[in-house]
Amino acid sequence: MPVEAPCANPLLLSWVQEWVEKARDHNSKGLLTYKKAYEALKACPVTFQHPCQLQNLKGFGPTLCSRLTDKMKKHCAENGLPMPKRPRRVNIPGLGGPDDEDEEGEGEGRPPKRQRKSRPYVPTLRSGPYAIIIGLATLEEGSHQGMTKQCLIEVAQPHCDASFTAPPDPKSFYTAWNSMKTLLEKDIVYERRSGPTRRYHLTEDGWEVARRIQHTLDPTLPRPAPSRPEPMPQEIEQPPRPVNRSPSVEIEEQPKQASSYADVVTNGDTSSSSSAIPHFQPIRLKPGSFEVQLLLDVREVRAKTDRDYIQNELSKKGVNPVMRSLELGDALWIAKCKHPNFLSQLGAEGDEVVLDYIIERKRLDDLISSVKDGRFHEQKFRLKRSGIKNVVYIIEEISMDSETLDNRAEMVQSAIASTQVVNGFFVKKTQRIDDTIRYLTRMTMLLKKQYESKDLLVIPTEVLTAQNYLPLLEHLKKKDPSTNHHITYPALASLASKSDMMTLRDVYLKMLMCTRQVTWEKALEIQKRWKMPYEFAKAFDECGGGEQGKKRKRELVFEQMGNLYGRKKITKPLSLKIAEIWADDV
């Protein structure tokens, strides 16, 4: 393998060539390695000062470079030549920029490399570190008193969006207090132990960070004035809670007791005049005679072991919810009369008027399970029948197993889209329960501002029946769209507890949806073609008997709806399933 003249490193190349020929003669496994190194060195146009610089070439590692260095030492000793000095850096000369120079020439005529300036620590606004620093800054600078963990949490919590005591969801173990570890590592906070008690202080760097934060919030204040920790709000008295409530919003059905409001609103009869629009004089509540309050279902819990979390966090934010077992929804707002007997004197029940906002809260896992077992459509049906104009679905997107979430992603998106488009409900997505609590707080403040400054018109309960309620609301809306009419809470609870308020059409749709895979859209299409259950059953009877009659029964629904598009389409297997329920001898 002759050495070509243009090679920039002929001596080094000749040694590598010897190894290649020796490996070939011995049929060595290293032949391929030597050949790669030889080709790379042969093609390189740069002259190397020391064999160690060959590590920049493909095919040369520390072992080959070390062997070449030994060869170079032996060659220099035999020929009386000085050994080249080993450069401090091994970059290829001419290709490595400022790293080409050796130790003697390095740095001559070149300014020293500028050291990278470390950036000051800046915590994220309303994060755990931010709140801890703000809390510790309420102490006097230079004070040796410090703060205990409990005291610091009470002071810092108002400045943080996350909770210091409870994880974002029951499956997590980290709270905002875990950020204390970061502050200790960065020497922003130091910990002092006195017996079993730990106290926390800001370091000099910590005070610098605190002053920067305070200057950003209010340039006129170098440091917030020291303040005493606020006492924890007292718990609100509430009714006894069910003992077997599951941690999620949707629970297994418990034996249902008769509602105490069941007889407040009469059923009305089934005659054609039962839904006749009554004439009445609305009860008028003047501003100042009532107060807007939040009603929260007692079954709304964070977990079995943390039942009061939502109530306590709302109380800390200035909203004291009224806890009770709601007949409908998970939260709603009422106007509480300041004179308890005012409504009853004018033909209404109780002293609470329901406003036009109701909340249904769903965790992501609850949403998936309720869609699968049909409860989701049942709940939306009842909310639609409540007559409340603004229905809000809160979807808490908690962490879930990625495989389960991927498998159900399309179902979840379809359920949310159907809720918004078909039902006309508003969907609010939150990341964790703390976001939901903040949303409830903001909504309460907004509704206070919206309703407490104007008159409220209340429909007397004595004119309401389960049959005329919805037609009456529709009539009032058409008559004057700008005026809202409300009913009392006992009246709403009574209406929600009655199954008799449903029309035959409603019962028919629910009967159809009891069949697995028959969704709300499919049930509506069936109802359009066969208006009443009697008509549907009669259509199967008219198919006749014998094998041909059985076939016509099995394919009756498929022939009518098999050509529909999307979610309205009914396949042959589903048509057979429907026929097995509604027809005889299939």
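In every chain, residue numbers begin from 1 and rise along the written sequence. Whole-chain, interface and lining totals are the exception, using all residues; otherwise, since this is a predicted model, local features are given only for residues with pLDDT of at least 70 and side-chain atom pairs are given and counted only at 80 or more. Only hydrogens and water are removed before side-chain values are computed, so all heavy atoms of the structure are retained for them.

Undergrad: Tell me about the sheet that holds strand β7 (residues 352–363), and please be specific about residues and values.
TA: Paired strands, as defined in this entry, are two strands with at least two bridges between them according to DSSP. In DSSP terms, a helix is any run of H or I states spanning at least four residues, a strand is any run of E spanning at least two, and both are numbered starting from the N terminus. Across the sheet, which stays open at both edges, the 6 strands sit in the order β5-β4-β6-β7-β8-β9 with mixed pairing between neighbours. In this open sheet, the two strands that pair with only one neighbour each are β5 (322–324) and β9 (426–430). The mean inter-strand angle of the sheet, taken between neighbouring strand axes irrespective of direction, is 30°. Both strand β4 (residues 290–297) and β5 contribute to a ladder of 3 bridges, which runs parallel. The residue of β5 that forms the bridge with D297 is R324. Where helix α10 (residues 375–385) meets the sheet, it contacts β7 and β8 (390–396), and its direction lies at approximately 165° from that of β7. Residues are treated as being in contact if the distance between any of their heavy atoms lies within 4.5 Å. Orientation is described by axes fitted as lines to C-alpha atoms, over the contacting stretch for helices, and by angles from 0 to 180 degrees between their N-to-C directions. Packing of helix α14 (residues 489–496) onto the sheet brings it into contact with β4, β5, β6 (331–337) and β7, and relative to β7 it is tilted by some 50°.

Undergrad: Pulling in residues and values, what's your account of the side chain of K522?
TA: Mapped onto the secondary structure, K522 falls in helix α16 (residues 520–529). A 1.4 Å probe rolled over the protein chains alone gives each residue an accessible area, and that area as a share of the maximum for its type sets the label: buried under 20%, exposed over 50%, partly exposed in between. Here K522 falls in the buried class, since its relative accessible area comes to 11%.

Undergrad: Could you give an account of the sheet that holds strand β10 (residues 456–458), naming the residues involved and the relevant values?
TA: Across the sheet, 3 strands lie side by side as β3-β10-β11; this open sheet has mixed pairing. Of all the strands in the sheet, the pair left with one neighbour each is β3 (283–285) and β11 (485–486). Two elements, β10 and β11, share 2 bridges in a ladder whose sense is parallel. Following the sheet pairing, V458 is matched in β11 by H486.

Undergrad: Can you break down the pattern of salt bridges residue by residue, with the values?
TA: When a carboxyl oxygen of Asp or Glu is within 4 Å of a side-chain nitrogen of Lys or Arg, the pair counts as a salt bridge. Under the definition given, this model contains 24 salt bridges. In this structure, the salt-bridge partner of K316 is E313, at a minimum N-O distance of 3.2 Å. One end of the pair, K316, and the other, E313, are both in helix α8 (residues 309–316), 3 residues apart, so they sit about a helical turn from each other. A cluster of three or more residues bridged by salt bridges with shared partners is formed by R324, K336, D351 and E352.

Undergrad: Before we move on, could you go through the nonpolar core and cite the residues and values that matter?
TA: To form a nonpolar core, buried Ala, Val, Leu, Ile, Met, Phe, Trp, Tyr and Cys residues must be joined to one another through side-chain atoms within 4.5 Å. Core analysis: the biggest nonpolar cluster contains 39 residues, and I358, L367, L383, Y393, I459, L464 and I487 have the highest contact counts within it. Broken down by element, this core gets its largest block of residues, 6 residues, from α14.

Undergrad: Break down the environment of F173 for me, with residues and values.
TA: Along the polypeptide, F173 turns up in the loop between α5 (149–156) and α6 (180–185). By relative accessible area, F173 is classed as exposed at 73%. Filtering out sequence-adjacent residues up to four positions away, F173 remains in contact with P167 and N178.

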